[in-house]
Amino acid sequence: LSDVASPRVRPWRPRQGWELLFGLLLVAGFTYSALSALRQGWGGDVRLYLAGLAELDRDLLHPRHEAMPVSGAYSAAYTPFLVALAGLARLTDSGPVEILRFAAVLNLLLYALAVLVFFRVFSGAPRSLVPPVAFFVASALLRDRMFIWSSDTSIASLRFVAAYPSTFAWALALSALALTKQLLESE
């Protein structure tokens, strides 16, 4: 039985040309989304975030509700994410629109990094760019219509919701899953 020739199983090795192509596609897609977020007019919930940032700029510790003349305690907009953006806007002397544009680019970068980290931990080929790029392509092409849902990662919507807290939450969630797996495996 040992004399029978068995096919030699080769370990998977990345094809650098393909990985370079996938990496370039990833960078191109996110660059497009980031640049779109910087130059377009926004709609949807962005008015809520702009009003919240303006109110936090008026009084960071005691903001009013962003849409009504009541206490900000009744608002759902004042998340740690928006408060941090308001603090950053004060430090940099930026307005609400500029800080949301910055948040869009930052969120896209954090989301991309979180997906890379996630697939480094959960993938069978942790050094390959193919799994995270395949994920980006699949998630970017989920829809052909623009719904502008807060947590939608399709290319049609992501450029509009990139500055939203939900895009930041995607990055946090994927990073938390990767960190949890690493912590559990280290025990």
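Residues numbered from 1 in each chain as written. Predicted model: local features only at pLDDT ≥ 70, side-chain atom pairs only at ≥ 80, totals over all residues. Heavy atoms only, no water.

### Looking at the confidence of the model for the chain
- Averaged over all residues, the pLDDT of the chain is 81; the fraction at 70 or higher stands at 81%.
- Low pLDDT, under 50, characterises residues 1–7; the stretch is placed with 0 contacts to residues that sit more than four places away or in other chains.
- Throughout residues 9–14 the model reports pLDDT below 50, and contacts reaching past four residues in sequence, or to other chains, amount to 4 contacts. (pLDDT = per-residue confidence, 0-100. Contact = heavy atoms within 4.5 Å.)

### A short note on a nonpolar patch on the surface
- The grouping of Met68, Val70 and Tyr74 at the surface amounts to a nonpolar patch, some 330 Å² of accessible area in total.
- As for its position among the elements, tyrosine 74 is in the loop between helix 2 (46–58) and helix 3 (80–92).
- Among the residues examined, tyrosine 74 registers a relative accessible area of 66% and is labelled exposed. (Patch = residues over 30% accessible without salt bridge, like charges linked within 9 Å, V, L, I, M, F, W, Y side chains within 5 Å. Areas by Shrake-Rupley, 256 points an atom, 1.4 Å probe, with all protein chains shown as cover. Salt bridge = Lys/Arg side-chain N within 4 Å of Asp/Glu carboxyl O. Helix = DSSP H or I, 4+ residues; strand = E, 2+ residues; numbered from the N terminus. Buried < 20%, exposed > 50% of the residue type's maximum accessible area, 1.4 Å probe, protein only.)

### Remarks on the environment of valine 97
- With respect to the helices, strands and loops of the structure, valine 97 is situated in helix 4 (residues 96–122).
- On the basis of relative accessibility, which here comes to 33%, the residue valine 97 falls in the partly exposed class.
- Separated by 55 residues in the primary sequence, valine 97 and tryptophan 42 have C-alpha atoms spaced 9.8 Å apart.
- Discounting chain neighbours no more than four positions away, the residues touching valine 97 are Trp42 and Leu50.

### Things to note about helix 7 (residues 165–186)
- For helix 7, with 22 residues, the first-to-last C-alpha span of 31 Å sits near the 32 Å given by 1.5 Å per residue.
- Contacts from the buried residues of helix 7 go to helix 2, helix 3, helix 4 and helix 6 (155–161). (Expected span 1.5 Å × (residues − 1).)

### Thoughts on the nonpolar core
- Among the nonpolar cores identified, the biggest contains 23 residues, and Trp42, Leu53, Leu82, Leu85, Leu100 and Ala163 are the most heavily contacted of them.
- For this core, the secondary structure elements donating two or more residues are helix 2, helix 3, helix 4 and helix 6.
- Beyond its immediate sequence surroundings of up to four residues, alanine 163 is in contact with Trp42, Phe81, Leu100, Ala103, Ala104 and Asn107.
- By size, the runner-up hydrophobic cluster in this structure holds 11 residues, among which are Leu26, Tyr111, Phe118 and Phe119. (Core = buried A, V, L, I, M, F, W, Y, C linked by side-chain atoms within 4.5 Å.)

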